[in-house]
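# Coordinates in review
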Amino acid sequence: MTRSVLFDVDGVLIHGYHHRPELQRRWDANLQADLGIHPQSLKQAFFHDVFMKKVIIGQMNLVDALDRVLPGLGYRGSTMTFVDYWFDHDSQLNAELVDVARRLKAAGARVYIATNQEHLRARHLWHALRLGDVFEDMFYAARLGVIKPNPEFFAKVDRRLGPQAEPPLLFDDSPPVIAAARTAGWEAVEYNRPEDCTTHPWIAERLA
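What counts, and at which threshold
Residues numbered from 1 in each chain as written. Predicted model: local features only at pLDDT ≥ 70, side-chain atom pairs only at ≥ 80, totals over all residues. Heavy atoms only, no water. Buried < 20%, exposed > 50% of the residue type's maximum accessible area, 1.4 Å probe, protein only. Helix = DSSP H or I, 4+ residues; strand = E, 2+ residues; numbered from the N terminus. Pairing = 2+ DSSP bridges. Phe/Tyr/Trp six-rings, centres within 6.5 Å; stacked < 30°, edge-to-face > 60°. Lys NZ or Arg CZ within 6 Å of the ring centre and 35° of its normal. Right-handed = clockwise from strand over helix to strand, strands pointing away. Polar contact = N/O pair within 3.5 Å; in protein donor to acceptor, adjacent residues only side chain to side chain. Contact = heavy atoms within 4.5 Å. Axes fitted to C-alpha atoms, helices over the stretch in contact; angles between N-to-C directions.

Here the focus is the pairing of strand β2 (residues 110–115). When you tally the buried positions in β2, you get five out of six residues, the bulk of the element. When strand β1 (residues 4–7) meets β2, the two strands line up parallel, connected through four bridges. Looking at β2, one finds that V5 is bridged to V111. Across four bridges, the pairing between β2 and strand β3 (residues 137–140) is parallel.

Glancing now at the packing of aromatic side chains. Enumeration according to the criterion identifies 17 aromatic pairs in this entry. The interplanar angle of 75° and the centroid separation of 6.4 Å between the aromatic rings of W27 and F47 together place this pair among those described as edge-to-face. Of the two residues, W27 is situated in the loop between β1 and α1 (31–35) and F47 in helix α2 (residues 39–55); the sequence distance between them amounts to 20 residues. Put simply, the rings of W27, F46, F47, F51, Y75, F82, Y85, W86 and F87 pair up and form one aromatic cluster. Sitting over the face of the ring of W202, R3 holds its NZ or CZ atom 5.5 Å from the ring centroid. Residue placement shows R206 over the ring face of W202; its charged tip is 3.8 Å from the ring centre.

Turning to the pairing of strand β5 (residues 187–190), a few remarks are in order. Summarising the sheet, strand β4 (residues 169–172) and β5 pair through four bridges and their orientation is parallel. When the sheet's bridge partners are listed, F171 is paired in β5 with V189. Following the chain from β4 across helix α9 (residues 175–183) to the adjacent parallel β5, one finds a crossover that is right-handed.

With respect to the helices and strands, D172 occurs in strand β4. Given the relative accessible area of 1%, D172 is considered buried. Polar side-chain contacts of D172 include one of 2.7 Å to the side chain of K148. For D172, the residues in contact, after removing those within four places along its chain, are D8, V12, K148, V177, I178, V189, E190 and Y191.

To continue, consider the side chain of D28. Note that D28 resides in the loop between β1 and α1. Once you skip the residues sitting within four places of it in the chain, D28 turns out to touch P39 and K43.

Reading across the sheet, the five strands line up as β3-β2-β1-β4-β5 and stay open at both edges, with parallel pairing between neighbours. Strands at the two margins of the open sheet, each flanked by one partner only, are β3 and β5. Geometrically, the sheet is characterised by an average inter-axis angle of 25° between neighbouring strands, direction not taken into account. Sitting on the sheet, helix α8 (residues 151–161) is in contact with β1, β2, β3 and β4, with an inclination near 155° to β3. Relative to the sheet, α9 contacts β4 and β5, its axis offset from that of β5 by approximately 165°.

Structural data, given as structure tokens:
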């Protein structure tokens, strides 16, 4: 029975938000110039509110939520244009790490994604960015109805993974998620750069 290796998306498989500001690559750097939406206002009105409370766990459709929020931010364009802008600009693949996952899969590991996403972006990641060509499955918040680092997230993933000869191995950029995964009995490594993955003894042995 081979081991399951799981990767977070933002800050790990995608160069974007990271808990360490110096490692972030902001998708919204030109949002105000391009669409007239102030990034901080968007964070406060949407991402820090309805998105985290309802959208990310699948209780509200992303487009419906944006329809309610965007006009109050002065945006008069199409909601779908905004969604396309967000997804396109928040899609810088960590090609080196994706290649590591591909090599691990070829070496017999079972590779998965474990991420806090809503349904539309999860679909974009899986199909448009073709992560589905590499990974066996994506366990994401809206699908499971709970976000990392909630213990139930890991319990639900465990049930989907089935019996494991070794603890699942997770690479994530969030210290609270790392702590929660370890509490759940997983092995978890804080990811800041590719070497955090490639120098892990179990990984390095299979990449040799």
